[in-house]
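In case you want the letters, here they are:
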Amino acid sequence: MRLYATVAAGGFRRHATYRVATVAGVFTNSVFGFILSYTYIALWDERPRLGGYSMDDALAYVWIGQALITVCGLMGGGFEEELIERIRTGDIAVDLYRPADLQAWWFSANAGRSAYQLLGRGVAPMAFGALVFGFTLPSGPGVWLAFLVAVALGSVVGFAIWYAVAMSAFWLLDGQGVVQVAWLGGLFFSGMLLPLNVFPGTLGEVARLLPWASLLQVPADVYLGRYEGWELAGAYAFQGSWALVLLGAGRAAQAAATRKVVVQGG
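Every value quoted in this text rests on a predicted model; they were computed, and no experiment measured them. The residue numbering used here restarts from 1 in each chain and proceeds along that chain's sequence as written. Totals for whole chains, interfaces and linings use all residues, but because this is a predicted model, local features are given only for residues with pLDDT of at least 70 and pairs of side-chain atoms are given and counted only at 80 or more. Only hydrogens and water are removed before side-chain values are computed, so all heavy atoms of the structure are retained for them.

What about the overall build of the chain?
What counts is decided by this rule: Put simply, DSSP H or I for four residues or longer makes a helix, DSSP E for two residues or longer makes a strand, and each gets a number counted from the N terminus. Our radius of gyration is a C-alpha quantity, and the globule rule it is checked against amounts to 2.2 Å times the number of residues to the power 0.38. Relative accessibility thresholds used throughout: buried, under 20% of the residue-type maximum; exposed, over 50%; partly exposed, between the two (1.4 Å probe, protein chains only). It only takes one pair of heavy atoms within 4.5 Å for two residues to be counted as in contact. Accessible surface is estimated by sampling points in the Shrake-Rupley manner with a 1.4 Å probe; for residues, cover comes only from the protein chains shown.
Secondary structure summary: the chain contains 11 helices and zero strands in total. Going from the N terminus to the C terminus, the chain shows its helices and strands as α-α-α-α-α-α-α-α-α-α-α. By the compact-globule yardstick of 18 Å for 266 residues, the chain fits well, its C-alpha radius of gyration being 19 Å. Referenced to the eigenvectors of the C-alpha coordinate spread, the extents of the chain come out at roughly 65 × 40 × 35 Å. Expressed as a percentage of its 266 residues, the buried residues of the chain come to 48%. Put simply, of all contacts in the chain between residues at least 6 apart along the chain, 80% involve residues at least 24 apart. Total accessible area on the chain is roughly 12,800 Å²; 69% of this is exposed by carbon and sulfur atoms.

Digging into the confidence of the model for the chain
So the rule is basically this: Residue-level confidence of the predictor is summarised by pLDDT, bounded by 0 at the bottom and 100 at the top.
Taken over all residues, the pLDDT of the chain has a mean of 88, while the share at 70 or more is 97%. Per-element mean pLDDT across the chain ranges from 79 in helix H5 (residues 92-97) up to 95 in helix H10 (residues 217-223).

Looking at unusual backbone geometry
Located in the positive-phi region is Arg49, a residue other than glycine, with phi close to 65 degrees. Within the secondary structure layout, Arg49 lies in the loop between helix H2 (19-46) and helix H3 (55-68).

Looking at the pattern of salt bridges
This is how the line gets drawn: Just to be clear on terms, a salt bridge is a Lys or Arg side-chain nitrogen sitting within 4 Å of an Asp or Glu carboxyl oxygen.
Enumeration according to the criterion identifies four salt bridges in this entry. Two residues, Arg14 and Glu82, come together in a salt bridge whose shortest N-O distance is 3.3 Å. With Arg14 in helix H1 (residues 2-16) and Glu82 in helix H4 (residues 80-89), the pair connects residues that are 68 residues apart, well separated along the chain. The exposure class assigned to Arg14 is partly exposed, which follows from its relative accessible area of 46%. For Glu82, a relative accessible area of 34% puts it in the partly exposed group. Where Glu85 meets Arg88, a salt bridge forms, and the shortest distance between an N and an O atom there is 2.6 Å. You can see Glu85 and its partner Arg88 sitting in helix H4, three residues apart, about one turn around the helix.

Points about the packing of H4 against helix H7 (residues 141-167)
Counted only if it meets this: Axes here mean lines fitted to C-alpha atoms, for a helix over just the part in contact, with angles spanning 0 to 180 degrees between N-to-C directions. Should an angle lie under 35 degrees it is considered roughly parallel, over 145 roughly antiparallel, and from 65 to 115 roughly perpendicular; all remaining angles are considered oblique. Put simply, a crossing is left-handed when the front helix is turned counterclockwise from the back one by less than a right angle, and right-handed when it is turned clockwise.
Remark: H4 packs on H7, axes separated minimally by 9 Å, with the N-to-C direction vectors making an angle of 20 degrees. In terms of axis orientation, H4 runs roughly parallel to H7. The way H4 lies across H7 gives a crossing that is right-handed. The residues of H7 that touch H4, namely those facing Glu80, Leu83, Ile84 and Ile87, are Trp162, Tyr163, Ala166 and Met167.

Here we look at the side chain of Glu80
To keep things clear, this is the line we draw: In this charge count, Lys and Arg are treated as positive and Asp and Glu as negative; neither His nor the chain ends contribute.
Considering the arrangement of structural elements, one finds Glu80 in helix H4. Arg113 provides the closest opposite charge to the buried, unpaired Glu80, separated from it by 7.4 Å. Dropping the residues within four chain positions of it, Glu80 is found in contact with Trp162 and Ala166.

Quick look at the packing of aromatic side chains
Stated formally: Pairing of aromatic side chains here covers Phe, Tyr and the six-membered ring of Trp, requires ring centres within 6.5 Å, and sorts the geometry by plane angle: under 30 degrees stacked, over 60 edge-to-face, intermediate tilted.
Scanning the model with the defined rule gives 20 aromatic pairs in all. Summarising the aromatic geometry, the rings of Phe34 and Trp63 are spaced 6.0 Å apart at their centres and angled 85 degrees between planes, so their arrangement reads as edge-to-face. Taken together, the residues span a long stretch of sequence, with Phe34 in helix H2 and Trp63 in helix H3 at a distance of 29 residues. Looking at Phe34, the relative accessible area reads 25%, which means it is partly exposed. You can call Trp63 buried: its relative accessible area is 0%.

Remarks on the nonpolar core
It is characteristic of soluble globular proteins that their nonpolar side chains tend to be buried jointly. Quick reminder of the rule: Only buried Ala, Val, Leu, Ile, Met, Phe, Trp, Tyr and Cys residues count toward a nonpolar core, and they belong to the same one when joined by side-chain atoms within 4.5 Å.
Ranked by internal contacts, the top residues of the largest apolar core, which has 64 residues, are Ile64, Leu68, Leu83, Tyr163, Met167, Leu216 and Tyr223. By residue number, the principal contributor to this core is H7, which donates 14 residues. Discounting chain neighbours no more than four positions away, the residues touching Tyr163 are Phe79, Leu83, Leu102, Gln103, Trp106, Gly250 and Gln254.

A short note on helix H8 (residues 176-189)
Convention followed: Expected helix span is given by 1.5 Å per residue-to-residue step, counting one fewer step than there are residues.
For H8, with 14 residues, the first-to-last C-alpha span of 19 Å sits near the 20 Å given by 1.5 Å per residue. Along H8, the residues that are buried comprise Val179, Ala182, Gly185, Gly186 and Leu187. With its phi angle positive at about 95 degrees, Gly191 sits one or two positions after the end of H8.

Description of a nonpolar patch on the surface
What counts, and what does not: Each patch is built from salt-bridge-free residues with over 30% relative accessible area, joining like charges within 9 Å and nonpolar side chains (Val, Leu, Ile, Met, Phe, Trp, Tyr) within 5 Å.
A cluster of nonpolar side chains, Phe27, Val31, Phe32 and Ile35, forms an exposed patch at the surface whose accessible area comes to about 400 Å². Mapped onto the elements of the fold, Ile35 is located in helix H2.

Below is the structure:
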C-alpha cells in the first residue's frame, strides 16, 4: 500500500509541476463555461424547468461539468495515451514483469492526477462561475460531502473506462479508434453537452444507464440535492457497480495481455 500511496503522491506532484498548463486549463474551462452558460440561459428561457432543473440548477450543472472534465476524465483519462504508447513500443513488457500490479500502479497515478485537477482546475472555474452567475449552491456541508464522494466514485469509473480502452491496444494495431469512440461517448453520454434528464424517451433511459452517467450526471444531481437517503445510496451503488465491472474487465484484459507477453517472450 505504501508503494501505491507514493505513486499517487508522485502523480499529484507531476501535474502540479505544470502550473502554466493549469492556468491555461482554468481559462479554457471558464471560457467554455461562459459559452455554455449563455446557451443554457437562452434554452431555459424558452423551456423553463427543462429536465426538472431551474435556471440556477442548470447553470450550476454547466460549471460542475467544467470542473469535472479532467477530474473524472470526461474527454480523456490523462494517462491512456502514455499507456497505449508503451504497449505499442513493447515497453509494457517491462511493466508487466515488475513486482507491482499494473492496474493498481496506473490507478494510483491517476488518483493523484485527479486530486490535483480537482484543486487546480476544478475549484477555480466553479468559484468564478458562482460569482458571475450566482447559481445553486448545496444546502449544507452534508451535501458537499456527498458530492465529493460521488466525484471520487466518478473518477474511479473514468479511470476504469480509459484503462480498458488502453488495454485494447494489445489486440489492435492502433488504439486511437477506440480512444475516439470513448471520447465521443464521454462527450455525449456523460451529459456534458446537455443533462441526460433532457434526453427524450428511450434514449434518455439508456443514456442514464451507461457508465458515462457516473462521471457527471450523477455527481451533478447529488450536488443539486436530487438524491437523498436510499436514493443517494442507490446512486453510489450505480457508480460503484460500474466501477467494479469495468475494473474487472480491465483486469481480465491485463491478465490476457500478460499471458500473451509471457508466451511471446518465451
